[in-house]
Amino acid sequence: MSSACFVSQVASEDILQRVTSFCAECYSELKVGDTIHYDMQEYRYLCDCCHQRLCTMINEECEIVRDEDPGLFC
């Protein structure tokens, strides 16, 4: 799921100078060589820690559909 929502890359000097040098979630400073993650739904860069936390929240909030559960109008 995370691969469809995020693009991961190593922070370069160019990204840090032209786009951002802080995580959009926790505002920690991003440094050259850090693994950063671009959130394709919210259009923002995240640090590795916030990326992991967001992936966990997304996975926990997903609805699990079971075949044995009755439908709404049964």
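Being a predicted model, the structure only gives us computed values, none of them experimental.

1. A word on the nonpolar core
Judged by nonpolar contacts, the single largest core of 14 residues is most densely connected at Phe-6, Cys-23, Leu-30, Ile-36, Leu-46, Cys-47 and Cys-50. Broken down by secondary-structure element, the contributors of at least two residues to this core are α2 (13-18), β3 (44-46) and α3 (48-61). Element by element, the count of residues in this core is highest for α3, at three residues. Once residues lying within four places of it in the same chain are set aside, the contact partners of Phe-6 are His-37, Tyr-38, Asp-39, Met-40, Leu-46, His-51, Leu-54 and Cys-55.

2. A few points about the pattern of salt bridges
All told, the structure shown has three salt bridges when counted by the stated rule. Arg-18 is the salt-bridge partner of Asp-14, the closest N and O atoms lying 2.3 Å from each other. Taken together, the residues span about one helical turn, with Asp-14 and Arg-18 both in helix α2 at a distance of four residues. The exposure class assigned to Asp-14 is partly exposed, which follows from its relative accessible area of 43%. Within this structure, Glu-25, Asp-39 and Arg-44 form a network of salt bridges that share partners.

3. Quick look at the pairing of strand β2 (residues 35-39)
Where strand β1 (residues 6-10) lies against β2, five bridges are found, and the strand directions are antiparallel. Residue Gln-9 lies in a different strand from β2, and its bridge partner there is Ile-36. Bridging between β2 and β3 involves three bridges; their strand directions are antiparallel. The residue bridging His-37 from the neighbouring strand is Leu-46, located in β3. Turn length for the β2-β3 hairpin, with the two strands adjacent in sequence and antiparallel, is four residues, and the turn residue Tyr-43 shows positive phi of about 55°.

4. Remarks on the sheet that holds β2
Within a sheet, neighbouring strands are paired by backbone hydrogen bonds and run either parallel or antiparallel to one another. On the basis of which strands lie adjacent, the open sheet formed by three strands has the order β1-β2-β3 and antiparallel pairing. Each edge of the sheet is formed by a strand with only one pairing partner; in this case those strands are β1 and β3. Sheet twist, expressed as the average angle between the axes of neighbouring strands with direction ignored, equals 30°.

5. Re the environment of Leu-54
With respect to the helices and strands, the residue Leu-54 is situated in helix α3. It is 9.7 Å that separates the C-alpha atoms of Leu-54 and Glu-25, two residues lying 29 residues apart in sequence. When residues no more than four places from it in sequence are discounted, the contact partners of Leu-54 are Phe-6, Asp-39, Arg-44 and Leu-46.

What counts and what doesn't
Residues numbered from 1 in each chain as written. Predicted model: local features only at pLDDT ≥ 70, side-chain atom pairs only at ≥ 80, totals over all residues. Heavy atoms only, no water. Core = buried A, V, L, I, M, F, W, Y, C linked by side-chain atoms within 4.5 Å. Buried < 20%, exposed > 50% of the residue type's maximum accessible area, 1.4 Å probe, protein only. Helix = DSSP H or I, 4+ residues; strand = E, 2+ residues; numbered from the N terminus. Contact = heavy atoms within 4.5 Å. Salt bridge = Lys/Arg side-chain N within 4 Å of Asp/Glu carboxyl O. Pairing = 2+ DSSP bridges. Axes fitted to C-alpha atoms, helices over the stretch in contact; angles between N-to-C directions.

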